[in-house]
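An overview of the molecular structure
In case you want the letters, here they are:
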Amino acid sequence: MLSTHHSYLELLLSRYQNIRQQTLSICAPLTPEDTVMQPMVDVSPPKWHMGHTTWFFETFILAPHVKGYRLFHSQYAFLFNSYYNSMGSRVARSDRGTLSRPPLQDILEYRRHVDQWMEKALQNEELLKNEEITAAIELGLQHEQQHQELLVTDIKYILGCNPLMPIYHEQQNSVLGEFSGKQPQNTWLTIPEGIYTIGYQGEGFCFDNELNPHKVLLPAFEASSCTVTNGEYMAFIDDGGYSDFRYWMDEGWALVQQHQWQAPLYWFQQEGDWYHFTLHGVEKVKENEPVTHISFYEAQAYANWSGHRLLTEFEWEVLAQLHASPSAKGNFLESGKLQPISASFSENAPKTAHLLGNTWEWTNSAYLPYPGYSAAPGALGEYNGKFMVNQMVLRGGSCATPESHIRCTYRNFFHADKRWQFTGIRLAKK
């Protein structure tokens with residue numbers, strides 16, 4: 001038992017160090033000026049992300065549980081608290097881009113300070129016998145992985161708003177490459193009617209919004225084996241999809257007119273061809289890659305135009321239960337490509353592409369609590385529950401999601417107009 005516990009502590013320390021280093025690696029290509037930018041309210045400056053994820057460990061583990069720990073700076077709680085009302089006042093979300101001070105070097109020193117104390121704590125066997133503390137540490141690691149994805153998408157938006165459209169990092173062909181194999185024809189997968197269990201089951205980590213497991217009755221349905229490609233979405237554009245109100249929900253149509261949407265975010269036309277900004281620079285849009293950076297309204301309009309519909313989140317989870325497999329995954333953060341990849345099937349490959357990774361898939365389900373849901377007491381209870389209104393559920397993860405962070409029951413959620421995440425479309429037959 002002691003040996004098992006010791007191995008667990010070694011693994012936890014290693015995970016902590018690797019996850020914290022991954023955040024720094026994501027920010028490494030940036031200039032100090034890049035780390036302060038906030039071109040829209042949804043985007044947080046990279047410097048703030050680095051400070052906030054550090055504040056989380058300081059606030060919920062070190063300060064309350066580690067003897068002798070002193071706060072790095074008395075004002076950092078005000079600067080780096082995100083939305084935890086239980087933890088006091090904070091800088092308004094829209095004002096995070098005003099934080100020219102503290103300088104980046106101070107934030108990096110803050111991270112080093114907290115990491116040194118956390119590494120000591122993670123070697124304290126007596127401290128980690130407390131299940132409340134180990135649960136808070138695990139949540140902190142999962143929380144930082146969420147912010148790693150936000151870092152990638154926020155960095156892309158920051159650089160994409162720069163008139164120079166600067167390259168985040170060059171593609172490494174030996175790592176990224178192009179897909180090989182035959183481009184598959186999209187097929188329809190039949191899911192039989194049945195009573196299915198939805199929600200997380202098991203002993204490992206999950207967020208509270210994945211609980212409690214419960215039964216749902218689903219009629220038989222047919223789901224697309226692949227997500228919608230850029231080429232398929234171009235056909236929607238060419239057919240006047242952005243100029244025909246019949247395909248759109250009223251709020252979506254108002255946004256199309258207000259913002260003059262004509263294509264997914266980052267797309268622009270040049271000499272009759274579509275190009276888009278990527279983290280590797282401006283590239284011509286590849287027709288066989290999954291369409292991404294679209295809002296729920298655009299996903300819904302495309303589905304209406306195509307004569308199909310979006311899956312519900314329950315349908316998506318059952319589809320994943322039956323068809324997700326390691327060989328059917330798309331890109332994750334670790335690949336370094338930071339762009340969805342094309343599907344390619346061989347004779348022996350699964351017939352479902354990229355249910356996990358590549359693009360988050362909009363579902364036609366509102367973000368609501370599962371039956372019997374109960375938020376945790378205290379500040380950590382604010383993590384998910386208070387956002388269960390006016391948002392739509394997305395499933396599956398993206399090319400910016402850490403692979404160890406995703407699972408079939410994971411519920412992401414955003415407002416219906418959001419486009420800066422790697423969001424895409426999988427269809428179901430009506």
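Residues numbered from 1 in each chain as written. Predicted model: local features only at pLDDT ≥ 70, side-chain atom pairs only at ≥ 80, totals over all residues. Heavy atoms only, no water.

Under an unreviewed UniProt entry, the name given to the chain is Ergothioneine biosynthesis protein EgtB, and the source organism is Rufibacter roseus. What UniProt states about the chain under its Pathway (unreviewed entry) heading is, verbatim, "Amino-acid biosynthesis; ergothioneine biosynthesis." (UniProt positions renumbered as here; feature names shortened; annotations may be inferred.)

Comments concerning the environment of Phe314
Topologically, Phe314 is positioned in helix 9 (residues 313-323). With relative accessibility at 25%, the residue Phe314 sits in the partly exposed group. C-alpha separation for the pair Phe314 and Thr363, spaced 49 residues apart in sequence, amounts to 9.0 Å. (Helix = DSSP H or I, 4+ residues; strand = E, 2+ residues; numbered from the N terminus. Buried < 20%, exposed > 50% of the residue type's maximum accessible area, 1.4 Å probe, protein only.)

A look at the confidence of the model for the chain
In this model, the chain carries a mean pLDDT of 93, and residues with pLDDT of at least 70 account for 94%. The low-confidence segment residues 173-181 (pLDDT under 50) makes 14 contacts with residues lying over four places distant or belonging to another chain. (pLDDT = per-residue confidence, 0-100. Contact = heavy atoms within 4.5 Å.)

Concerning unusual backbone geometry
The omega angle of the peptide bond from Arg101 to Pro102 is 0 degrees, so this bond is cis rather than trans. Within the fold, Pro102 resides in the loop between helix 3 (76-80) and helix 4 (104-121). The phi dihedral of Met165 is positive, around 45 degrees, even though this residue is not glycine. Structurally, the position occupied by Met165 is in the loop between helix 5 (131-160) and strand 1 (188-191). Residue classification places Met165 among the partly exposed residues on the basis of a relative accessible area of 29%. The backbone of Leu338 sits at a positive phi, close to 55 degrees, despite the residue not being glycine. With respect to the element layout, Leu338 can be found in the loop between helix 9 and strand 9 (360-366).

As for helix 7 (residues 250-259)
Those residues of helix 7 that sit buried are Gly252, Trp253, Leu255 and Val256. The buried residues of helix 7 occupy an angular sector of 160 degrees when the element is viewed end-on, so they sit on one face. The exposed residues of helix 7 that point more than 90 degrees off its buried face are Asp250, Glu251 and Gln258. Looking at the buried side of helix 7, the elements it contacts are helix 8 (296-306). (Arc of directions from axis to C-beta.)

Considering the sheet that holds strand 12 (residues 423-424)
Backbone-to-backbone hydrogen bonds join strands into a sheet, with any given pair of strands oriented parallel or antiparallel. The sheet built from four strands is open, its strands ordered 11-10-9-12 with mixed pairing. Across the chains shown, the open sheet's two edge strands, defined by having one partner strand only, are strand 11 (412-414) and strand 12. In this sheet, strand 11 lies alongside strand 10 (residues 392-395) in antiparallel orientation, the contact comprising three bridges. Within strand 11, the residue paired with Met392 across the bridge is Phe414. (Pairing = 2+ DSSP bridges.)

Looking at the packing of helix 6 (residues 230-238) against helix 8
Two elements in contact, helix 6 and helix 8, have axes separated by 11 Å at closest approach and are oriented at 80 degrees. Our classification of the angle between helix 6 and helix 8 gives roughly perpendicular. Two secondary-structure elements touch here, helix 6 through Glu232, Tyr233, Ala235 and Phe236 and helix 8 through Glu298, Ala301, Tyr302 and Trp305. Split into classes, the residues belonging to the contact of helix 6 with helix 8 amount to six nonpolar, no polar and two charged. (Axes fitted to C-alpha atoms, helices over the stretch in contact; angles between N-to-C directions. Parallel < 35°, antiparallel > 145°, perpendicular 65-115°, else oblique. Nonpolar A, V, L, I, M, F, W, Y, C, P; charged D, E, K, R; others polar.)

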